[in-house]
Amino acid sequence: ITVCADYTIRIQAAQGFSVPDRPSEMLVDGWDSGTDFTVKETETELILSTAAMDVVITKDPWNLKMQDKTGK
């Protein structure tokens, strides 16, 4: 998971423990690497938050949800 901007989260997946570095046409001009975000971990979830959105990862069963601050 890469935080590119308050409203842009890049999610990549690959087999194994590393993800190959692949350019993205969506991010052709790069991104603001200075975007502030927080990560909170509970027993059941990881929650990554920017000023505009949250990425909620449920641990078991594994699930990933992206939502704005109103929950949509």
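Anything mentioned here points back to the structure above.
Residues numbered from 1 in each chain as written. Predicted model: local features only at pLDDT ≥ 70, side-chain atom pairs only at ≥ 80, totals over all residues. Heavy atoms only, no water.

Asks: What is the right way to look at the sheet that holds strand E3 (residues 38–41) in this model?
Replies: Through backbone hydrogen bonds, the strands of a sheet pair up, either in parallel or in antiparallel fashion. In spatial order, the strands read E3-E4-E5-E6; together these 4 strands make up an open sheet with antiparallel pairing. This sheet does not close on itself; its edge strands, each paired only once, are E3 and strand E6 (62–68). Strand after strand, the sheet turns through a mean of 15° between neighbouring axes, direction not considered. Pairing geometry for strand E4 (residues 45–49) and strand E5 (residues 53–59), over 5 bridges, is antiparallel. Bridge pairing in E5 links Ser49 to Asp54. (Pairing = 2+ DSSP bridges. Helix = DSSP H or I, 4+ residues; strand = E, 2+ residues; numbered from the N terminus. Axes fitted to C-alpha atoms, helices over the stretch in contact; angles between N-to-C directions.)

Asks: Explanation requested: unusual backbone geometry in the structure shown.
Replies: A negative phi holds for most residues other than glycine; trans holds for most peptide bonds. Pro61 follows Asp60 through a cis peptide bond whose omega is 0°. By the element assignment, Pro61 lies in the loop between E5 and E6.

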